[in-house]
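Examining the three-dimensional arrangement
Residue strings, one per chain:
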Amino acid sequence: MTLDSLFDASAESKKRKVDSIRIRRPDDWHVHLRDGAMLRAILPFTAAQFARGIIMPNLVPPVTTAAAAAAYRSRILAARPVGNDFEPLMTCYLTDTTSPDEIQKGHSEGVWVAAKYYPAGATTNAHHGVTSISRIRPVLERMERIGMPLLIHGEATDPAVDIFDREALFLEQTLLPLLRDHQELKAVVEHVTPQEAVDVVRAHGSRIAGTITPHHLVINRTSLFQGGLRPHLYCLPVAKREHHRLALRRAATSGDPCFFIGTDTAPHLSKAKEAACGCAGVFVGATALQTYAQVFDEEIALDRLEAFASLNGARFYGLPANTGTIELKRRAAAAPLAVRVDSDEVMVFRGGESMPWSLGEVRP
Ligand code: NCD
Ligand code: ZN
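A brief look at the structure comes next. The numbers attached to residues start from 1 for each chain and follow its sequence in the written order. Each chain gets a letter, beginning with A, and each ligand a number, beginning with 1, in the order they are written. In keeping with the predicted nature of the model, local features appear solely for residues at pLDDT of at least 70, side-chain atom pairs appear and are counted solely at 80 or more, and the whole-chain, interface and lining totals rest on all residues. Computation of side-chain values covers all heavy atoms of the structure but excludes hydrogens and water.

Okay, the coordination of the zinc ion (ligand 2) next. Water is not among the atoms examined, so metal sites may look incomplete; donors are the N, O and S atoms within 2.8 Å of the metal, or within 3.2 Å for Na, K and Ca. Note on the zinc ion (ligand 2): its protein donors are His30 (NE2), His32 (NE2) and Asp264 (OD). The metal-donor distances range over 2.0 Å. Four donors are marked tetrahedral only if all angles between them lie between 85 and 135 degrees, whereas four are marked square planar and six octahedral if opposite donors are more than 155 degrees apart and the other angles lie between 65 and 115; the remainder are marked irregular. In this structure, the zinc ion (ligand 2) is coordinated by four donor atoms arranged in irregular fashion, with angles at the metal of 92 to 145°. Each donor residue of the zinc ion (ligand 2) belongs to the same chain, with the gaps between them written as H-x1-H-x231-D. On the criterion of sequence distance, the pair formed by His32 in the loop between strand 2 (27-31) and helix 2 (36-49) and Asp264 in the loop between strand 9 (259-261) and helix 10 (270-273) is long-range, its members being 232 residues apart. Starting at the N terminus, helices and strands are each numbered in turn, a helix being any DSSP run of H or I of at least four residues and a strand any DSSP run of E of at least two.

This next bit is on the pattern of salt bridges. Every case where a carboxyl oxygen of Asp or Glu lies within 4 Å of a side-chain nitrogen of Lys or Arg is listed as a salt bridge. Enumeration according to the criterion identifies 17 salt bridges in this entry. With its nearest N and O atoms 3.5 Å apart, the salt bridge here joins Asp181 to Arg137. With Asp181 in helix 6 (residues 166-181) and Arg137 in helix 5 (residues 137-146), this pair connects stretches of sequence that are 44 residues apart. Residue Asp297 pairs with Arg330 through a salt bridge whose shortest N-O separation is 2.8 Å. In this pair, Asp297 sits in helix 11 (residues 288-298) while Arg330 sits in strand 10 (residues 325-334), placing the two residues 33 residues apart along the sequence. Here the term buried applies to any residue with accessible area under 20% of the maximum for its type, exposed to any over 50%, and partly exposed to those in between, with areas from a 1.4 Å probe on protein chains only. Relative accessible area serves as the criterion here: at 22%, Arg330 is assigned to the partly exposed category. What emerges from the salt-bridge pattern is a single network uniting Arg22, Glu327, Glu361 and Arg363.

For a helix, the expected span equals 1.5 Å multiplied by the residue count minus one. Its 16 residues place the ends of helix 6 22 Å apart at the C-alpha level, agreeing with the 22 Å of an ideal helix rising 1.5 Å per residue. Bend at a given residue is defined as the angle between two axes, one fitted to the seven residues that end at that position and one fitted to the seven that begin there. At Glu172, helix 6 is bent by approximately 40°, the largest bend along its length. Those residues of helix 6 that sit buried are Arg166, Glu167, Phe170, Leu171, Thr174, Leu175, Leu178 and Leu179. Any two residues whose heavy atoms approach within 4.5 Å at even a single point are treated as in contact. Looking at the buried positions of helix 6, the neighbouring elements they touch are strand 5 (112-117), helix 5, strand 6 (150-152), strand 7 (187-189), helix 7 (195-203) and strand 8 (208-212).

Shown next as structure tokens:
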């Protein structure tokens, strides 16, 4: 499938073409790397694009202890291609019974940098998530005290709520009260999709940030049904109306330090996606930077790509920016259609499509 119809290449951008740009090596502040054969198959794609990644903890079983996070980190390091220096930054999966002491222990030992709050049942492997924010109040107080960021999957979970309204409702019901009650807490609204979430992030200045995925910049909810049902474009939060997509493009390319990359690359086997009840998640790890570069080019904002890709996230997490660089080239290339995993495969977002931007030389 081609998504060309949704890219708004303006006449202006064509006038100001540059053939390549070189930026500091970017980081992916929201990535699902899975485990086992899947990890080994898909990690090379993320590791070719990004220097560091915030690793989501929604494994089965979830990563809830410092020991489990340290072991998972070792498996990721072992799965890196020879010579690759990708650095995984680990997170803790919060449950109703997470202890403040365990959170602090993992943080002070440098095992994890943040904790992920999934409202119970909100998304893939979120059934062990938090049933009510009041249950983790002591954990949030501790995180506030030690300066550990809370990463939020911000969707209301009441099945009666329209799926396209779940983020906006979460903001009202849960996020705004949480930010009021924890004035010092640093938090990331992950994979922002509606305009309302963009506005909330902006309104809270330096302690709140928002990650933006490549796919939410180029698809809207109509894309999910273009010519038929498109299971490989289904993720959570689900893509929204066109005006929300345009708001995301403005936010990402604004240069505003509170927005940065979080690809939410979330691979699933085709048999799990192309099913009567297909699961949520898009494998965007192989085509993320190509897509971001294309969007920034179309928005005549290539000069702001480095801030969004390589500087804003590091500053938010209190980490140094990477010293190496990567070149992005205006050179049409196609990513593979799919990646083999055992006897099945994972479909690549925009796989097989000729994309106008491709990755060039990396200088470590
Ligand atoms: C993610 C997954 O598959 O782990 N799925 C998704 O649609 N994004 C979970 C998540 O980040 O919501
Ligand atoms: Zn995710």
